[in-house]
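Summary of structural features
Letter by letter, the chains look like this.
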Amino acid sequence: MATLQKSVSFSLKGTLAASCLLLIALWVQKGVAVPVRSHCRLDESDFQQPYITNRTFMLAEEASLADNNTDVRLIGEKLFRGVNMNERCYLMKQVLNFTIEEVLLPQSDRFQPYMQEVVSFLASLSNKLSQCHIQSNDHHIYRNVQNLKDTVKKLGESGEIKVIGELNFLFMTLRSACI
């Protein structure tokens, strides 16, 4: 009986100690719990579908043939200037949403037969990233995305074609940033 009481007492002390450690950890973080699983992640399987990967790259290739502005690169190192590695998926979520809403949907009648399937695929990725947010100030990310938008707007229809022509870069960068 004494052994059983010692065992229960030891178990309660262990639970109490673990609870205290958890409270201390929350206090150190000013009450903000760290999420167990980040919403700024995509599954590798999203990018291992040969059919849609091929369609995305074919659409980009077709649009790049119509792109006569080879001096400008939209998705590259400049886009990530001042952005930490752990914020890159969030940035790419913003670029993805811009690409879908402001470029692909308005241009959906062009570049058939690939456009509809690629838009559906990218929209599904956007939906999976819908809960992706960052805890810190995201002003620098919005500035970089706004610079991208301003460049596209300045180029006009040629800028929209360039965005479509860089869907292969978007695909690869999303994969790199979000897996």
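This text goes with the structure placed above it.
This text gives an overview of the structure that appears in the document. (Residues numbered from 1 in each chain as written. Predicted model: local features only at pLDDT ≥ 70, side-chain atom pairs only at ≥ 80, totals over all residues. Heavy atoms only, no water.)

**Things to note about the state of the cysteines**
Overall, the coordinates contain two disulfides when judged by the stated rule. In this model Cys40 forms its disulfide with Cys132; the gap between the sulfur atoms is 1.9 Å. Taking the torsion about the S-S bond as the criterion, the Cys40 to Cys132 disulfide, at about 100°, is right-handed. In this pair, Cys40 sits in the loop between helix H1 (2-28) and helix H2 (50-66) while Cys132 sits in the loop between helix H4 (115-128) and helix H5 (139-155), placing the two residues 92 residues apart along the sequence. Given a relative accessible area of 9%, Cys40 falls into the buried group. You can call Cys132 buried: its relative accessible area is 0%. In this model Cys89 forms its disulfide with Cys178; the gap between the sulfur atoms is 2.0 Å. (Disulfide = S-S within 2.5 Å. Helix = DSSP H or I, 4+ residues; strand = E, 2+ residues; numbered from the N terminus. Buried < 20%, exposed > 50% of the residue type's maximum accessible area, 1.4 Å probe, protein only.)

**Details of the side chain of Thr173**
Following the sequence through the fold, Thr173 ends up in helix H7 (residues 167-178). Owing to a relative accessible area of 18%, Thr173 belongs among the buried residues under this scheme. Apart from the residues lying within four places of it in its own chain, the contact partners of Thr173 are Ile75, Phe80 and Met92. (Contact = heavy atoms within 4.5 Å.)

**Let's talk about the packing of aromatic side chains**
With the rule as written, the count across this model stands at three aromatic pairs. Aromatic side chains Phe47 and Phe171 sit 5.2 Å apart centroid to centroid with 75° between the ring planes, which places their arrangement in the edge-to-face category. Here the residue Phe47 occupies a position in the loop between H1 and H2, and Phe171 occupies one in helix H7, the gap between them amounting to 124 residues. Accessibility expressed as a relative area gives 5% for Phe171, which makes it buried. Judged by centre distance (6.1 Å) and plane angle (35°), the rings of Phe121 and Phe171 are tilted. Pair noted here: Phe121 is in helix H4 and Phe171 is in helix H7, with a separation of 50 residues, a long-range link. Summarising the burial analysis for this pair, Phe121 and Phe171 share the class buried. An aromatic cluster of three or more residues is present, and its members are Phe47, Phe57, Phe121 and Phe171. Arg73 extends its terminal NZ or CZ atom over the ring of Phe169, reaching a point 3.7 Å from the ring centre. Between the NZ or CZ atom of Arg88 and the centre of the ring of Phe80, over which it lies, the distance is 4.3 Å. (Phe/Tyr/Trp six-rings, centres within 6.5 Å; stacked < 30°, edge-to-face > 60°. Lys NZ or Arg CZ within 6 Å of the ring centre and 35° of its normal.)

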